[in-house]
Amino acid sequence: MRADVAGALAAAAWFGPAAAPVVPAVAAAFRVPRRLPGPGVAITFDDGPHPQGTPAVLEILADANARATFFLVGEQVERAPALAAEIASAGHEVGVHGYRHTLLLRRSPRALHEDFARACDVIAAATGTAPRVYRPPYGVFSGPALLLVRRLGWRPLLWSRWGKDWVARTTPPAIAARATRDLGRGDVVLLHDADHYSSVDSWRRTAAALPDILAAASATGEPLVSVSQSR
Ligand SMILES: [Zn+2]
């Protein structure tokens, strides 16, 4: 069963975010959380930092006095360490999204360890904070990767809502509607503040959708929390 899921993923996942529709099945097979264990709604951003997308998102979050979690990519943090520092100093949580943004499935345990350790070092050096949460590129785990994440003491987390903001043919209203459908206690919303690994300028649509997403989250009556605030 697990091998079947992994096999299907291996075939599908090379097309990048197109693999995402099978993520819930894989999350269940590996028992990776998709929701918060307690109250609250978590807004999360993957793939940054980005020289334009991250500041745009940070400004909107600040205007709404909202806290979020950013799953950073080590190679992007190296290109923009000051932006990573800005995320943390604004009170947001920083998590690990890998050093390189590639699938984990065909990487050896040793290569995984090197990638994770390098990402952790780069993020900690830039932000002054040791990350404690992890989300894999494309939401796709491998067995060895999940073991390693847990051995490092990180919390693995996927998501329960998404805006599909990485695709080229979408609009801010469509992103906001998808991200907030039936939004409620424990939901984790996946967004992207960067277009490094998705369609060009996708962060602009995400930023345009964000005020409506934050308003919908606020309307649930649940607090907006970072991932580690919910236990
Ligand atoms: Zn990603």
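To be clear, the structure that these remarks concern was listed above.
Residues numbered from 1 in each chain as written. Predicted model: local features only at pLDDT ≥ 70, side-chain atom pairs only at ≥ 80, totals over all residues. Heavy atoms only, no water.

Asks: Explain the side chain of histidine 50 here, please?
Replies: Relative to the helices and strands, histidine 50 resides in the loop between strand 1 (42-46) and helix 3 (53-63). Of the residues examined, histidine 50 reaches a relative accessible area of 5% and is grouped as buried. One polar contact links the side chain of histidine 50 to the main-chain amide nitrogen of glutamine 52, over a distance of 3.0 Å. Side-chain polar atoms of histidine 50 contact the side chain of aspartate 195, separated by 2.9 Å. Leave out the neighbours within four places in its chain, and histidine 50 touches Pro55, Leu83, Asp193, Ala194, Asp195, His196 and Trp203. (Helix = DSSP H or I, 4+ residues; strand = E, 2+ residues; numbered from the N terminus. Buried < 20%, exposed > 50% of the residue type's maximum accessible area, 1.4 Å probe, protein only. Polar contact = N/O pair within 3.5 Å; in protein donor to acceptor, adjacent residues only side chain to side chain. Contact = heavy atoms within 4.5 Å.)

Asks: For this particular structure, what's the right way to read the packing of aromatic side chains?
Replies: Aromatic ring pairs are described here by two measures, namely the spacing of the ring centres and the angle between the planes. Applying the stated criterion across every chain yields a total of seven aromatic pairs. Ring centres of phenylalanine 45 and phenylalanine 70 lie 5.0 Å apart, and the angle between their planes is 25°; this geometry places the pair in the stacked category. One end of the pair, phenylalanine 45, is in strand 1; the other, phenylalanine 70, is in strand 2 (residues 69-72), with 25 residues separating them in the sequence. In this pair, the class of phenylalanine 45 matches that of phenylalanine 70, namely buried. For the pair phenylalanine 116 and tryptophan 154, a centre-to-centre distance of 5.9 Å together with 35° between the ring planes defines the contact as tilted. Taken together, the residues phenylalanine 116 in helix 6 (residues 109-127) and tryptophan 154 in the loop between helix 7 (143-151) and strand 5 (155-156) connect sequence positions 38 residues apart. For the pair phenylalanine 116 and tryptophan 154, one class covers both residues: buried. (Phe/Tyr/Trp six-rings, centres within 6.5 Å; stacked < 30°, edge-to-face > 60°.)

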